[in-house]
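Here is what each chain is made of, one letter per residue.
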Amino acid sequence: MLGDPLAKTVVRSGRRLRVLGHAGLQNASRFSHLFVLCAATTLHDVAPLARAANRRHRLRALFVRRDVGPGLLGPLLDAAAVRFSRNVVFHDGPELPARVLRAWEMGAQDRLIAEADVTNGKLIVLTCALERLELPLADVPPLARLPKTQRGAFGIPSDGSYLHWPEADIHLDLDALRAVVDPAWRARLARERATHDSQFGQAVSVLRREHGLKQADISGVSARQVRRIEGGSLPRSETLRRLARAHGLELGAYLDRVAAVAERLPRASDGTISA
């Protein structure tokens, strides 16, 4: 629901997103996920709808654009009787709510980043599901090694897929960030990577045999190295190029063939690849 004229420039109705232009209380009962966008100075107009949706547990976010000084935001919230601070997101332009709404429209709100900040030795991240993550920089090795002057110099692409520190060429997505704070998530990623690496290795083995090559036939790569790769150890890029040449293929074509072989490998009932 739009109560902010600036938001109209970036928020559009779509297949899974309906944009409403008025604040009728009856709309609170019609939608399971309601997002309200307003400016601080128009907060009073949309507050009744936001309160009604919040009581029904259907308000996902109240986006409030800061069009007044910071000292006036608290009084304006009080005047509008907005007491559900967990759902309130302050912002300075329509890009942030647009990013969140696109993520919800794609069903990817748990995988994309809404905004982030570095303060007091922590990286604070707000997901598009409006979940807040706090990570001590000391627990994120790539960031811990950055000079303090560079730690806050990152950007977020328009789709919220990752955080990027251009000077150090560091990319961190939500999976990487969750792995820092959630041991269960870290274990799950480790299992997924082990499955992927095993699948890749078996596909390399199948393709090698289809080309009539022995493990010792790869120029510049020892038979022991080939065994390790086919057992699940990921090769370096130069090793991949040598594997590709041994198969008479360019690197891109070789990787495409490996991926195609991996797709046809039988899978065990637990989702892993059968030998």
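Given the structure is predicted, the values throughout are model-derived calculations rather than measurements.

**Some thoughts on helix 9 (residues 251-264)**
- Compared with an ideal rise of 1.5 Å per residue, which puts 14 residues at 20 Å, helix 9 spans 21 Å between its outermost C-alpha atoms and is within 8% of the ideal.
- The set of residues buried in helix 9 consists of Tyr254, Val258, Val261 and Ala262. Projection of helix 9 onto a plane perpendicular to its axis shows the buried side chains occupying an angular sector of 100 degrees, all on one side. Away from its buried face, by an angle of more than 90 degrees, helix 9 presents the exposed residues Asp256 and Glu263.
- Along its buried surface, helix 9 packs onto helix 6 (183-210) and helix 8 (237-246).

**Comments concerning the confidence of the model for the protein chain**
- For the protein chain, the average pLDDT comes to 83, and 86% of its residues sit at 70 or higher.
- Considering only residues more than four positions removed or in separate chains, one finds that residues 268-275, a stretch of pLDDT under 50, has 14 contacts.

**Some details on the packing of aromatic side chains**
- Scanning all chains against the criterion turns up 2 aromatic pairs.
- With a centroid separation of 5.3 Å and an interplanar angle of 70 degrees, the aromatic rings of Phe35 and Trp104 are classed as edge-to-face. Of this pair, Phe35 sits in strand 2 (residues 34-39) while Trp104 is found in helix 3 (residues 95-106), placing the two residues 69 residues apart along the sequence.
- Using a relative accessible area of 7% as the deciding quantity, one classes Phe35 as buried.
- Among the residues examined, Trp104 registers a relative accessible area of 17% and is labelled buried.

**Topic: the packing of helix 5 (residues 174-181) against helix 6**
- Contact geometry of helix 5 with helix 6 gives a least axis separation of 6 Å together with a crossing angle of 130 degrees. Regarding the angle of helix 5 to helix 6, the classification is oblique. Both helix 5 and helix 6 take part in a crossing whose hand is left-handed. Each of Asp175, Arg178, Ala179, Val180 and Val181 in helix 5 lies in contact with helix 6, whose residues at this interface are Pro183, Trp185, Arg186 and Leu189.
- Class assignment for the residues of the contact of helix 5 with helix 6 results in 6 nonpolar, no polar and 3 charged.

**Considering the side chain of Gln150**
- Take Gln150: it is sitting in the loop between helix 4 (141-144) and strand 8 (163-165).
- A polar contact of 3.4 Å, which involves the side chain of Gln150, links it to the side chain of Glu167.
- Each residue touching Gln150, except ones within four places of it in the same chain, is listed here: Trp165 and Glu167.

**Here's the deal with helix 3**
- Compared with an ideal rise of 1.5 Å per residue, which puts 12 residues at 16 Å, helix 3 spans 17 Å between its outermost C-alpha atoms and is within 8% of the ideal.
- Residues of helix 3 that are buried sit in contact with strand 2, strand 3 (59-65), strand 4 (88-91) and strand 5 (113-119).
- A positive phi of about 70 degrees marks Gly107, the residue just after helix 3.

**A few points about the packing of helix 6 against helix 7 (residues 223-230)**
- Two numbers describe how helix 6 lies on helix 7: the axes approach to 7 Å, and their chain directions differ by 125 degrees. Classified by the angle their axes make, helix 6 and helix 7 are oblique. Listed contacts from helix 7 to Gly201, Gln202, Val204, Ser205 and Arg208 of helix 6 are Val226, Ile229 and Glu230.
- For the contact of helix 6 with helix 7, the class distribution of residues is 3 nonpolar, 3 polar and 2 charged.

Rules used throughout
- Residues numbered from 1 in each chain as written.
- Predicted model: local features only at pLDDT ≥ 70, side-chain atom pairs only at ≥ 80, totals over all residues.
- Heavy atoms only, no water.
- Helix = DSSP H or I, 4+ residues; strand = E, 2+ residues; numbered from the N terminus.
- Expected span 1.5 Å × (residues − 1).
- Buried < 20%, exposed > 50% of the residue type's maximum accessible area, 1.4 Å probe, protein only.
- Arc of directions from axis to C-beta.
- Contact = heavy atoms within 4.5 Å.
- pLDDT = per-residue confidence, 0-100.
- Phe/Tyr/Trp six-rings, centres within 6.5 Å; stacked < 30°, edge-to-face > 60°.
- Axes fitted to C-alpha atoms, helices over the stretch in contact; angles between N-to-C directions.
- Parallel < 35°, antiparallel > 145°, perpendicular 65-115°, else oblique.
- Left-handed = near helix turned anticlockwise from the far one by under 90°.
- Nonpolar A, V, L, I, M, F, W, Y, C, P; charged D, E, K, R; others polar.
- Polar contact = N/O pair within 3.5 Å; in protein donor to acceptor, adjacent residues only side chain to side chain.

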